[in-house]
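Here's the letter readout for the chains.
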Amino acid sequence: MKSIPHHQAASPHTEATSTHNYPNLTDDDGKAPKDSVVLPAYSTMDLVDKDPDEDDPWNLPELQDTGLKWSELDAKGKVMRVLTSIVKFILLVGFLYMFVCSLDVLSSAFQLVGGKAAGDIFQDNAVLSNPVAGLVIGVLVTVLVQSSSTSSSIVVSMVSSGLLEVQSAVPVIMGANIGTSVTNTIVAMMQAGDRNEFRRAFAGATVHDFFNWLSVLILLPLEAATGVLYKLTKIVIDSFNIQGGDNAPDLLNVITDPLTSAIIELDKTVISDIATGDPAARNKSLIKIWCKTENITTLLNITVPSAANCTIGVPCWVEGNKTWTQINVTETINLERCNHIFAYANLPDLAVGLILLALSLLILCTCLILIVKLLNSMLKGQVAVVIKKVLNTDFPFPFGWVTGYIAILVGAGMTFIVQSSSVFTSAITPLVGIGVISLERAYPLTLGSNIGTTTTAILAAMAAPGETLANSLQIALCHFFFNIAGILLWYPIPFTRIPIRLARALGNRTANYRWFAAIYLLLCFFLMPLTILGLSLAGWQALVGVAVPIVVLAIFIIIVNLMQTRCPRYLPSRLRNWDFLPRPLHSMAPWDGVIMSGMAFCGTRCCCCCKCCQKTEDEEKGGKERKKSQEMYDNPALTRDNEPLEAPKETVKLTGLCLGDTVS
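First, a word on what this report is: a plain description of the structure on this page. Since the model is a prediction, treat every value here as computed from it, not as a measurement. (Residues numbered from 1 in each chain as written. Predicted model: local features only at pLDDT ≥ 70, side-chain atom pairs only at ≥ 80, totals over all residues. Heavy atoms only, no water.)

What to know about helix α7 (residues 166-179)
Using the following cut-off: Segments assigned H or I by DSSP are reported as helices when at least four residues long, segments assigned E as strands when at least two residues long, and all are numbered from the N terminus. Helix span, expected: 1.5 Å multiplied by one less than the number of residues in the helix. Any residue under 20% of the maximum accessible area for its type is buried, any over 50% is exposed, and the rest in between are partly exposed; the area is computed with a 1.4 Å probe on protein chains only.
Over its 14 residues, α7 runs 20 Å from end to end, which matches the ideal 20 Å to within 8%, given 1.5 Å per residue. With 13 of 14 residues buried, α7 lies mostly within the body of the structure.

What follows is the structure, given as C-alpha cells:
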C-alpha cells in the first residue's frame, strides 16, 4: 500500500472512517499500516463554505490580454493592431464627448421640467430662515436643475437683491453640495448588468454622497449654533481689498456648446427672476427663442401729479395745468432668432423637458455602456498594468501619505477645467466600476472635485458688480470653506475615512439586492428632503416632534449594531441579535422575494430580461449548492454523526484517489 502524502493527509476522523469502511486501505489484520501518518485534526468545513478560488469582489480585476503578443505578430498584424487601437481611441473620445453633452442636455431637461418650481421654492423666505429647511431646499433645487452652479447662482441673485441674508444662504449652499452628487449616482446605476462592476461603481459614486451628508451632520448644527463659516468668510472679505475680476474661464463649454446649443438653449434668468419675485417671469418660457437682442433706452415725457414727484436732477416743467418730467424707458428689440431644434416648436416647457429627459438618458446609457466596453477592450496587458500602477500606487515610504493629497489636487484641477463636479465624478464612476481606479483612490479625487467646483464659483463671484461683489464672494467662500472643513474631518486620519467604509457596505448591499439602489436614490434625494420640507412648513414644533424620535431610534440601532459585532456580551441576551423582530424589519430577503416576484410577473408580460436574469442567478446558486453537496458527499469527514458511513463504490474510488492510493 502506498502511504498518504503529507499534504493530502485527512484528519484522524477521516482516516478512521476510511479504515473501517474501506478494507482495501488496510492490511491483512484490518488495522491501518504502521507507515501511515496521522496529522492533527483540522476542520475542512471552511474549504467547503468558502470557495478558495473565489476572489474578493473589491480587489481590482486583472485585465489580461487574451490576444497575441506584439512580438508574435507579423507586419500585417502589427499594422492592423495599431489601426484598431487608433480607431478605438477615436471612438472612445467621441463617446466621451457625447456622454458629457448628454449630461448638459439632461441638466437642461431637468430645468425645463422643474425650473419654475425651483424658483417658487426659493421665493419663500420664511422657510429659508430655518437652517434645516434651507438645507433640503438646496438639495431639492439642485436635483431639479441638475446643477449646483445654477442653484448657487440663484442664491447669489437673491442675496445681491437683498431678499436673502448671507447667513440664511449658507445652509442652502450645503444642500446644493449634496444635490450635485445625484448625477454620478444615476450614472452608477447604468452598470447594474455586472454584479461586481455595479458593486464598485455604486460605491465609487455614493462615497461622494456619504462625504457630503456626514459633513452636513457635523457642520450644519455647528453653523446654526455659532455661525462659524459666516464669521470666517466675513473676516476674509473684510481683510482684503478684493476687486472684481474677469468671468470664470469657459473651457469645456467651448467644445460642447456647438452640439448642445443646436439641441436646446435656455434663458436661465427666468428662474432667478421668479426667485426674486418678478411677477412677469412666471409667464415667460425657459426656452430661448431670440439669441441676439438689443436694448434701446430712450427718454420719454410723462406727466406727474406735481413738481414734488419729479426726480432730482431730471428736467421737470409745467405746461398749462400739467407737470411734465422725463424717464428712461428700455425697449428690447429682437434681432436674430435661435437655431436650435425647439426654437420653432410651439410646445410647452414641460413637454420639451420630458422629450429631452428621455433622449438624454438614452444617449447617456448608450454612451456609458460603449465607453465601458471600449475601456475593457483597450485596457489589457501592459497598458492596463501601467495605468493601474500610475493611478493606484502610493509614493514610497515615508511619503505614501502625500499621494492622496496629490489626488485631491488632481481632482480639483480637472474639475476646474471641465467646470463641473458632476461631469468629473460621473466620468470616473465607470472607471471605478471596471477596476481601473480603486475606491480608495476615487475618494480623494472626489474630494478634490468638491474643491474644484467652488473655485469656479469664486471666480464667477469676482466678476459680479461692485455693489454685490462682497455678498457674492462671501457665499462662494462659504462653499469653499465648507468643503475644506469636510476634508479635514473625513480624510487626514485613515481612521476617520468613514465614507469609504459606508460606501463599501452600501455597495455590497446593492450588489446583492440591485433594486435597493433605486430605493436609496429616491429616499436620499427625493422622499427624505420632501418630508423634511413638509415638516418645516408645518412649523418647527412638528419638525422637532417627528425628527427627534427618529434620530434617537437611528442612533440606538447604530450603537446596538456596533455592540453586536464587537462586544455582544455587554448586551442583554434579547438584543444580541434582531431575531425577535419580524423578519421584514431586519432582513431584505422577504422584500427581495416580493420585488423579484413582481419583476418576474412583469417580465412574463413585458419582456424576458427579468426572467433571464432570474434564471441566470438561480443556475449560479444551484451550481454552488451542487458543488458543495458533491464535496461533502465525497468526503466522509464532512458527513453528519447520525448518517451512515457507507458509500457507493464510485465514492470509494474517488476517496481513494483523493488520498493518493491505488484502489484494487
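Some words on the state of the cysteines
Here is the rule: Any pair of cysteine sulfurs within 2.5 Å is marked as a disulfide.
Taken as a whole and assessed by the stated rule, the structure comprises one disulfide. Paired by a disulfide, Cys-291 and Cys-338 hold their sulfur atoms 1.8 Å apart. Looking along the S-S bond of the Cys-291-Cys-338 disulfide, the torsion reads about 115°, which is the right-handed sense. Linking Cys-291 in strand β1 (residues 290-304) with Cys-338 in the loop between β3 (322-337) and α13 (349-378), this pair joins segments that are 47 residues apart in sequence. We classify Cys-291 as partly exposed; its relative accessible area is 36%. We note that Cys-101 lacks a disulfide partner, and the nearest cysteine sulfur, in Cys-367, lies 9.0 Å from it. Of the residues examined, Cys-101 reaches a relative accessible area of 3% and is grouped as buried.

Thoughts on a nonpolar patch on the surface
Rules: Like charges are joined within 9 Å and nonpolar side chains (Val, Leu, Ile, Met, Phe, Trp, Tyr) within 5 Å, but only among residues with over 30% relative accessible area and no salt bridge; these make up the patches. Only the protein chains shown count as covering a residue, and every accessible area follows the Shrake-Rupley method with a 1.4 Å probe. Here a salt bridge means any side-chain nitrogen of Lys or Arg lying within 4 Å of a carboxyl oxygen belonging to Asp or Glu.
A cluster of nonpolar residues, Trp-70, Val-79, Met-80, Val-82, Leu-83, Ile-86, Phe-89, Ile-90 and Val-93, forms a patch on the protein surface that exposes about 850 Å² of accessible area. Mapped onto the secondary structure, Phe-89 falls in helix α3 (residues 75-123).

Considering the side chain of Asn-177
Note the threshold: N or O atoms closer than or at 3.5 Å make up a polar contact, with two conditions inside protein: a donor-capable atom paired with an acceptor-capable one, and, for residues adjacent in sequence, both atoms drawn from side chains. Whether two residues are in contact is decided by their heavy atoms, any of which lying within 4.5 Å being enough.
Among the secondary structure elements, Asn-177 is positioned in helix α7. Of note is the side chain of Asn-177, whose polar atom sits 2.9 Å from the side chain of Asn-212. Only 2.7 Å separates the side chain of Asn-177 from the side chain of His-479, close enough to count as a polar contact. Among residues more than four places away in sequence, those in contact with Asn-177 are Asn-212, Asn-450, His-479, Phe-482 and Asn-483.

Re the packing of aromatic side chains
Put simply, the test is: Note on aromatic contacts: the rings of Phe and Tyr and the six-membered ring of Trp form a pair at centre separations within 6.5 Å, being stacked when their planes are under 30 degrees apart, edge-to-face when over 60 apart, and tilted otherwise. Counting as a charge over the ring demands two things of the Lys NZ or Arg CZ atom: a distance within 6 Å of the ring centre and an angle within 35 degrees of the ring normal.
For the structure on display, the rule yields nine aromatic pairs. Taking the centre distance of 6.0 Å and the plane angle of 55° together, the rings of Tyr-513 and Trp-515 count as tilted. The pair Tyr-513 / Trp-515 is uniform in exposure class, with both members buried. Seen from their ring centres, Trp-578 and Phe-580 are 6.1 Å apart, and the 40° between their planes marks the pair as tilted. Pairwise contacts between aromatic rings join Trp-401, Tyr-405, Tyr-443 and Tyr-491 into one cluster. Lying over the aromatic face of Trp-290, Arg-337 brings its terminal NZ or CZ to 5.3 Å of the ring centre.

Re the nonpolar core
We apply this condition: Only buried Ala, Val, Leu, Ile, Met, Phe, Trp, Tyr and Cys residues count toward a nonpolar core, and they belong to the same one when joined by side-chain atoms within 4.5 Å.
In terms of nonpolar packing, the biggest core is built from 48 residues, with Met-174, Tyr-443 and Phe-525 touching the most fellow members. If one sorts the elements of this core by residue count, helix α9 (residues 195-226) sits on top with 13 residues. Residues within four places of Met-174 in sequence aside, it is in contact with Leu-135, Val-216, Leu-219, Leu-220, Glu-223, Leu-229 and Phe-482. In this structure, Val-136, Ala-169, Leu-286 and Ile-287 belong to the second largest nonpolar core, which totals 32 residues.

Considering the pairing of β3
For clarity, the threshold we go by: Two strands pair if DSSP finds at least two bridges between them.
Sheet analysis places β1 next to β3, joined by 14 bridges and oriented antiparallel. Bridge pairing links Asn-301 to Gln-326 in β3. Bridging between strand β2 (residues 316-319) and β3 involves four bridges; their strand directions are antiparallel. In the sheet register, Val-318 faces β3, and the bridge partner there is Thr-323. Hairpin connection between β2 and β3: a loop of two residues separates the two successive antiparallel strands, and Gly-320 in this loop has a positive phi of roughly 65°.

Some words on the pattern of salt bridges
In a structure, side chains of opposite charge can pair up when their charged atoms sit close to one another. Applying the stated criterion across every chain yields a total of one salt bridge. Arg-504 serves as the salt-bridge partner of Glu-440, at 2.2 Å between the closest nitrogen and oxygen. Separated by 64 residues along the polypeptide, Glu-440 in helix α17 (residues 439-462) and Arg-504 in helix α19 (residues 498-512) bring together distant segments of the chain. By relative accessible area, which is 23% here, Arg-504 ends up partly exposed.

A closer look at helix α20 (residues 516-538)
This is how it is decided: The quantity called bend is, for any residue, the angle between two axes fitted respectively to the seven residues ending at it and the seven beginning at it.
Under the 1.5 Å per step criterion, the end-to-end length of α20 is 31 Å for 23 residues, consistent within 8% with the ideal 33 Å. Remark: the principal bend of α20, roughly 45°, maps to Leu-523. Looking at α20, one finds that the buried residues are Phe-516, Ala-517, Tyr-520, Leu-521, Cys-524, Phe-525, Pro-529, Leu-533, Leu-535 and Ser-536. Gly-539 sits one or two positions beyond α20 and adopts a positive phi of about 120°.

Shape descriptors only; they carry no functional weight alone.
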